[in-house]
Amino acid sequence: MDLHGKGVVVTGAGRGIGRALAARMAADGARVVVNDLDPAATRAVAEEIGATAVPGDAASVDGVSALVEAAREELGAVDVWFGNAGIDRGQGLDAAEEDWAAAHEVNVMAHVRTARLLVPDWVERGEGRYVVTASAAGLLTMLGAPAYSVTKHGAVAFAEWLSATYRHHGVVVQAICPQGVRTQMLSNAGPLQEVLSRDTALDPEDVATAARQALDGEEFLVLPHPEVADYYAGRAAATDRWLGGMNRLWQRLEDQL
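The text that follows walks through the structure, step by step, so that each part is easy to find.

Rules and cut-offs
- Residues numbered from 1 in each chain as written.
- Predicted model: local features only at pLDDT ≥ 70, side-chain atom pairs only at ≥ 80, totals over all residues.
- Heavy atoms only, no water.
- Salt bridge = Lys/Arg side-chain N within 4 Å of Asp/Glu carboxyl O.
- Axes fitted to C-alpha atoms, helices over the stretch in contact; angles between N-to-C directions.
- Helix = DSSP H or I, 4+ residues; strand = E, 2+ residues; numbered from the N terminus.
- Parallel < 35°, antiparallel > 145°, perpendicular 65-115°, else oblique.
- Left-handed = near helix turned anticlockwise from the far one by under 90°.
- Contact = heavy atoms within 4.5 Å.
- Nonpolar A, V, L, I, M, F, W, Y, C, P; charged D, E, K, R; others polar.
- Pairing = 2+ DSSP bridges.
- Right-handed = clockwise from strand over helix to strand, strands pointing away.
- 1 Å grid on protein atoms, 1.4 Å probe; cavity = no way out; pocket = protein on both sides within 12 Å on 5 of 7 lines; lining within 4 Å.
- Points joined across faces, edges and corners; volume = space filled by probe spheres on them.

## Observations regarding the pattern of salt bridges
Link 1 in the chain: Overall, the coordinates contain 9 salt bridges when judged by the stated rule.
Link 2 in the chain: The salt bridge partner of Arg 24 is Asp 28, with a shortest N-O separation of 3.3 Å.
Link 3 in the chain: What emerges from the salt-bridge pattern is a single network uniting Arg 24, Asp 28, Arg 212 and Asp 216.

Written out as structure tokens, the structure is:
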């Protein structure tokens, strides 16, 4: 994909993976809209990379509508949407109802609400691309973090449905599924840092490079950690064996959390 002049939106772009995605798209010639809940971070990134800052909520019905409207006003048309915003809240079965609800809103419904607004236009144009930052947790699981695991599975499931339903109309859907990335989320992971970094923790820029390369094709899964493909295949081929291994790993970790 030649990104020069393309209209690109990146949510959750105030820091971490989102910031790296926005910077890489801008460096390759795209016209970028940067979105984040943190207005100061949004404006700082936009100023740094020569993008347009549209701070605000990228999950709620009204927030998504406002963001899409602002992006279209600035870009004319949205060619690529990076649904990168995500949250990890609540631990174990004691995770609060509010944590489950927030995770569902940001990690799943944000994508649903955005697609409702973007896909009809893409179908009419015969092209458009939606890229979900889903995490390897969406293919495997995240020990200790049920709301994150379940909602990231939901993000992958919705992306799969979107691809299966609209790919013949020129809509390309891709899911980025890294393991450990050197972001605030990894720093806050405690003992789980060792697990998430088992196959090397990547820098956000590494994930952005993988995403940029993926734009040159239409492969659904984007795996910055290639090992995830083998884990995913093993999980499907021998589910009980995989679950047993995960349980043994959890037994080593549960006293530390």
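There's more to say after this.
## Focus: the packing of helix H4 (residues 97-125) against helix H5 (residues 146-166)
Link 1 in the chain: Contact geometry for H4 and H5: axes closest at 8 Å, N-to-C directions at 15°. Taken together, H4 and H5 sit at an angle that is classed as roughly parallel. For H4 against H5, the interelement crossing comes out right-handed. The residues of H5 that touch H4, namely those facing Asp 99, Trp 100, Ala 103, His 104, Asn 107, Val 108, His 111, Val 112, Ala 115, Val 119 and Val 123, are Pro 146, Ala 147, Tyr 148, Val 150, Thr 151, Lys 152, Gly 154, Ala 155, Phe 158, Leu 162 and Tyr 166.
Link 2 in the chain: A per-class count over the contact of H4 with H5 returns 15 nonpolar, 5 polar and 2 charged.

## A few points about the pairing of strand E2 (residues 31-34)
Link 1 in the chain: Relative to E2, strand E1 (residues 7-10) runs parallel, the two being bridged by 4 bridges. Paired with Gly 7 across the bridge in E2 is Arg 31.
Link 2 in the chain: As a crossover connection, the stretch from E1 through helix H1 (residues 16-27) into E2 is right-handed.
Link 3 in the chain: With 2 bridges joining them, E2 and strand E3 (residues 52-53) adopt parallel strand pairing. Each bridged residue has a counterpart across the sheet, and for Val 33 the counterpart in E3 is Thr 52.
Link 4 in the chain: Since E2 and E3 lie parallel, the crossover through helix H2 (residues 39-49) that links them has a hand, and here it is right-handed.

## So, empty space enclosed by the protein
Link 1 in the chain: Scanning the model with the defined rule gives 1 cavity of 30 Å³ or more in all.
Link 2 in the chain: Taken as a whole, the largest cavity holds about 50 Å³ of empty space.
Link 3 in the chain: Lining the largest cavity, in full, are Thr 11, Ala 58, Trp 81, Gly 83, Asn 84, Ala 85, Val 106, Ala 110, His 111, Thr 114 and Tyr 130.
Link 4 in the chain: Taken together, the elements giving at least two residues each to the lining of the largest cavity come down to strand E4 (80-83) and H4.
Link 5 in the chain: Per-element accounting of the lining of the largest cavity gives the leading share, 4 residues, to H4.
Link 6 in the chain: The residue inventory of the lining of the largest cavity, partitioned by class, reads 6 nonpolar, 5 polar and no charged.

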